[in-house]
Amino acid sequence: MSANSGNEHAQPPASLLAGVRVLDLTNVLSGPYATYQMAMLGAEVIKVENPSEGDLARKLGASPALNAQMMGTSFLAQNAGKKSVTIDLKHPDGKELFAALLATADVVIENFRPGVMDRLGFGYETCRQINPAIVYCAISGFGQDGPLRANPAYDQIVQGMSGVMSVTGDAESAPLRVGYPLCDTLGGMGAAFAIVSALFGRCKTGQGSYIDLSMLDATISAMGWAVSNYLIAGVEAKPIGNQNMTAAPSGAFQCADGQINIAANKQEQFEKLCALIGRPELVSDPRFAEREARKANRAAINAELNAALSARPAAEWEELLNAHGVPAGRILTVPEVLAHPQIAARDLVHEIPMDEPGLPSVKVVRTGFRLGDSQPGAQSAPPRLGADNADIFGALGKDAAALAELKARGAI
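Residues numbered from 1 in each chain as written. Predicted model: local features only at pLDDT ≥ 70, side-chain atom pairs only at ≥ 80, totals over all residues. Heavy atoms only, no water.

A. Quick look at the packing of aromatic side chains. Tallied over the full model, the rule gives 4 aromatic pairs. The interplanar angle of 75° and the centroid separation of 4.8 Å between the aromatic rings of F98 and F122 together place this pair among those described as edge-to-face. Here the residue F98 occupies a position in helix 4 (residues 92–102), and F122 occupies one in the loop between helix 5 (116–120) and helix 6 (124–130), the gap between them amounting to 24 residues. The class for F98 is buried, based on a relative accessible area of 0%. Between Y136 and Y210, the ring centres sit 5.6 Å apart and the planes meet at 25°, which makes this aromatic pair stacked. In this pair, Y136 sits in strand 5 (residues 135–140) while Y210 sits in strand 6 (residues 209–214), placing the two residues 74 residues apart along the sequence. Taken together, Y124, Y136 and Y210 form an aromatic cluster joined through their ring pairs. In this structure, R312 packs its charged tip against the face of W317, placed 4.9 Å from the ring centre. (Phe/Tyr/Trp six-rings, centres within 6.5 Å; stacked < 30°, edge-to-face > 60°. Helix = DSSP H or I, 4+ residues; strand = E, 2+ residues; numbered from the N terminus. Buried < 20%, exposed > 50% of the residue type's maximum accessible area, 1.4 Å probe, protein only. Lys NZ or Arg CZ within 6 Å of the ring centre and 35° of its normal.)

What follows is the structure, encoded as structure tokens:
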């Protein structure tokens, strides 16, 4: 049930992108994540998949049974609210069909290596000739130019090359991979933002545009102080584990039953923290009296805090510290945070009915933001491969006999 279900003034699910048709030729994560955001905002997202295998993510995930059904959890997570058609873009009949579909679209998004769409006959210039208003987004690991343009790229490759791994972990464990596909996700979010921006611009100019999204560029642009401290101050970021380089005490600390993050970044927060843990004398200790001194003596202040915090459970400290204006939060596992009352109150997890063997419904995550009283979210289940061939191609004038002939030829 929605958190707003009792509000008589609640709006229907957000549909800011209603009427926008997106042809999604992407696979696995970066592109599908981008188009999933758009689908949750009302866009009609049509996955254009290879007839034989479809999106590789259909076979990826923690459930072998779902992988065997070509409905792997990796696919289910990013493809609710979309439609699926099958087209072999190497087949002459498939090319003709895609061209007809392209003429009806607002957006094309792909994440092949640079040059692949040109070889298939549907690079940006060709697409623009067919549909001058098209917004074309090409996601790649390194961008459409530069010495690395032709290199294959996966999330871990970009994590390593971007510098992310060099600043993750501590002096003993770094370089360390971030525990989820960070660069794929940043690339997808950047692509969604760029596409929507281009659509907004098209409303004023009537012109389509070409978007060259580099996962490497998108990741570096999101690295904040790790990059700006070097560019502006000449200071290279170093891995410092669960500590915050800008302040102390600010990081992860040990409680009686687990760890808690505390960010006493302001002087008044530090003083309140010392009082709450029963160590008010730490405030006047010359090693800890002000920010720079605490940073220089980080190990010492952390030791004092760990000793005091170990007397009580993390949940008790979390409640006490936050109640007095000291930012704090337990370090939770994924199951723990998904079961948290805060997540339930925000209605972040969306359960969608399915009609699949052994899978009556699927739980997916929403956008992470609300629009007024509306709650963006997918309105249909992730599609079976080619589930929408009849509807989408039928609208292009292909009847059942024509579709059967195209299928027999291997075009769809």
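B. Looking closely at the packing of helix 1 (residues 30–40) against helix 8 (residues 182–205). For the pair helix 1 and helix 8, the least separation of the axes is 7 Å and the interaxial angle reads 45°. With respect to each other, helix 1 and helix 8 are oriented oblique. In the crossing of helix 1 with helix 8, the sense of the turn from one axis to the other is right-handed. Listed contacts from helix 8 to S30, Y33, A34, Q37 and M38 of helix 1 are D184, T185, G188, M189, A191, A192, I195 and L199. Grouping the constituent residues of the contact of helix 1 with helix 8 by class yields 8 nonpolar, 4 polar and 1 charged. (Axes fitted to C-alpha atoms, helices over the stretch in contact; angles between N-to-C directions. Parallel < 35°, antiparallel > 145°, perpendicular 65-115°, else oblique. Left-handed = near helix turned anticlockwise from the far one by under 90°. Contact = heavy atoms within 4.5 Å. Nonpolar A, V, L, I, M, F, W, Y, C, P; charged D, E, K, R; others polar.)

C. Expanded view of helix 14 (residues 314–323). All buried positions along helix 14 are accounted for by A314, W317, E318 and L321. In a view along the axis of helix 14, the buried residues occupy a sector of 105°, so they form one face of it. Across from the buried face of helix 14, at angles greater than 90 degrees, the exposed residues are E319 and A323. Summarising the contacts, the buried residues of helix 14 are in contact with strand 8 (259–263), helix 11 (267–276), helix 13 (298–309) and strand 9 (328–330). Looking one or two places after helix 14, you find G325, whose phi comes out positive at around 85°. (Arc of directions from axis to C-beta.)

D. Molecular detail of the sheet that holds strand 4 (residues 107–110). Here 6 strands make up an open sheet; going across it, the order is 3-2-1-4-5-6 and the pairing parallel. The sheet is open, and its two edges are formed by strand 3 (83–86) and strand 6, each paired on a single side. Looking at each pair of strands side by side, their axes are set apart by 20° on average, direction ignored. Direction of pairing for strand 1 (residues 21–24) relative to strand 4: parallel, over a ladder of 3 bridges. The residue bridging L23 from the neighbouring strand is V108, located in strand 4. Lying on the sheet, helix 1 is in contact with strand 1, strand 2 (44–49), strand 4 and strand 5; it crosses strand 1 at an angle near 165°. (Pairing = 2+ DSSP bridges.)

E. Structural context of the pairing of strand 1. Neither face of strand 1 is left uncovered, since the one carrying R21 and L23 and the one carrying V22 and D24 both have all their residues buried. With 4 bridges joining them, strand 1 and strand 2 adopt parallel strand pairing. The partner of R21 across the bridge, within strand 2, is E44. This β-α-β element, strand 1 to helix 1 to strand 2, shows right-handed connectivity. (Right-handed = clockwise from strand over helix to strand, strands pointing away.)

F. Representation of the side chain of T185 within the structure. Its location among the elements puts T185 in helix 8. Dropping the residues within four chain positions of it, T185 is found in contact with L29, Y33 and Y180.

G. Spotlight on the environment of P360. As for its position among the elements, P360 is in strand 11 (residues 359–365). Here the alpha-carbon distance between P360 and I331, two residues 29 residues apart in the chain, equals 32 Å. Residues in contact with P360, not counting those within four places in the same chain, are I352, P353 and M354.

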